[in-house]
Amino acid sequence: MTSKVLSLRMDGELLDRLHEHAARRRMTVQDYVIRALRRDDFDERFKTAVEETERFHRLS
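What you are looking at is a predicted structure, and each value in this text was computed from that prediction instead of being measured.

Undergrad: Before we move on, can you summarise the layout of surface pockets with the specific residues and values?
TA: For the largest pocket, the calculated volume is near 580 Å³. Contributing to the lining of the largest pocket are 16 residues, with Leu6, Gln30, Val33, Ile34 and Leu37 lying nearest its centre. Among the elements of the structure, helix H1 (12-24) and helix H2 (29-59) are those that each provide at least two residues to the lining of the largest pocket. Among the elements that line the lining of the largest pocket, the one with the most residues is H2, at six residues.

See the structure below:
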């Protein structure tokens, strides 16, 4: 998988908080943010799958 660059502009306080959260988990900020985004993406896909399953069972 090739990687791409995403550049974000944020205030210093938020970046400091990201550094703190990442450090507690012994992660880089990049790894911490990517993990959070993947977790959110998984949650959304899981929610969609559950909703589709519920719709399927109502139609049966």
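Undergrad: So what about unusual backbone geometry? Which residues, and what values?
TA: Notably, Arg26 is not glycine yet its phi reads approximately 55°, a positive angle. With relative accessibility at 80%, the residue Arg26 sits in the exposed group.

Undergrad: Can you break down a nonpolar patch on the surface residue by residue, with the values?
TA: Nonpolar side chains collect at one region of the surface, where Leu6, Leu8, Met10, Leu14 and Leu15 lie side by side and expose about 460 Å² of accessible area between them. Structurally, Leu8 can be placed in the segment before H1. Given a relative accessible area of 56%, Leu8 falls into the exposed group.

Cut-offs used in this document
Residues numbered from 1 in each chain as written. Predicted model: local features only at pLDDT ≥ 70, side-chain atom pairs only at ≥ 80, totals over all residues. Heavy atoms only, no water. 1 Å grid on protein atoms, 1.4 Å probe; cavity = no way out; pocket = protein on both sides within 12 Å on 5 of 7 lines; lining within 4 Å. Points joined across faces, edges and corners; volume = space filled by probe spheres on them. Helix = DSSP H or I, 4+ residues; strand = E, 2+ residues; numbered from the N terminus. Buried < 20%, exposed > 50% of the residue type's maximum accessible area, 1.4 Å probe, protein only. Patch = residues over 30% accessible without salt bridge, like charges linked within 9 Å, V, L, I, M, F, W, Y side chains within 5 Å. Areas by Shrake-Rupley, 256 points an atom, 1.4 Å probe, with all protein chains shown as cover. Salt bridge = Lys/Arg side-chain N within 4 Å of Asp/Glu carboxyl O.

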